[in-house]
Amino acid sequence: MKDTIEGVQVVISSPLRRCLQSASLAFPGAARGLGPPIVCNDLAREAYGMHFPDKRGKKSDSEAEFPWVSFPADMTETDSCWCPDTRETPLDVVKRVVTFFERFVCRRFEDCITVLSHGVWIELCLLHYCPEVLDMGKRRVYNCEAFRIDVLSEWDGCNVTGVKLINAELVKPHS
């Protein structure tokens, strides 16, 4: 996996424990202050609601378990998005994906960013921005898959007016 993470300047992770664990395993130097910093962002989380594995734990518990991860100051202590009887729709997830790129990723100064998220989030992101990488919806996103994508942002001087994801490809693991 060394070749797929070389040059990464920042890691953006979903706040769900399984993604924070993956980020910490993929970038072990972060716990020692080496390598890219890991930043948590709620916009990169799995579709929420109804399924308990998609419910975020307490912020203070995550901060204690992953002290090397930067958590946003405005993140609530408990998961205010998750609901036991309603699941976020695919359209809502796509809106969140767009917001993630327009309001967060495109405002960062790094050139090489790794995003750790979840299957539904990644699949809907790819289907929205570059469906050809998933054969126009005929292919699914599976656990442990990595995709390399170039993000282009368009600005009107002060604001992001558009985002394009191009050159998307599945990263083949080394044997």
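Residues numbered from 1 in each chain as written. Predicted model: local features only at pLDDT ≥ 70, side-chain atom pairs only at ≥ 80, totals over all residues. Heavy atoms only, no water.

**Description of the pairing of strand β6 (residues 160-171)**
The pairing of strand β5 (residues 146-155) with β6 spans nine bridges and is antiparallel. Residue pairing for β6: D150 is matched across the bridge by I166. Here β5 folds back onto β6 in antiparallel fashion, the turn holding four residues, of which G157 has a positive phi close to 115°. (Pairing = 2+ DSSP bridges. Helix = DSSP H or I, 4+ residues; strand = E, 2+ residues; numbered from the N terminus.)

**As for the pattern of salt bridges**
Enumeration according to the criterion identifies twelve salt bridges in this entry. One salt bridge in this structure joins R45 and D42, with 3.7 Å as the shortest N-O distance. What emerges from the salt-bridge pattern is a single network uniting D42, R45, R56 and D79. (Salt bridge = Lys/Arg side-chain N within 4 Å of Asp/Glu carboxyl O.)

**Re the packing of aromatic side chains**
The tally for this structure, following the rule as stated, stands at seven aromatic pairs. Note on F52 and W82: the rings are 4.9 Å apart at their centroids and 40° apart in plane angle, and the pair reads as tilted. Taken together, the residues span a long stretch of sequence, with F52 in the loop between β2 (38-40) and α3 (59-65) and W82 in the loop between β3 (69-70) and α4 (90-104) at a distance of 30 residues. With relative accessibility at 10%, the residue W82 sits in the buried group. (Phe/Tyr/Trp six-rings, centres within 6.5 Å; stacked < 30°, edge-to-face > 60°. Buried < 20%, exposed > 50% of the residue type's maximum accessible area, 1.4 Å probe, protein only.)

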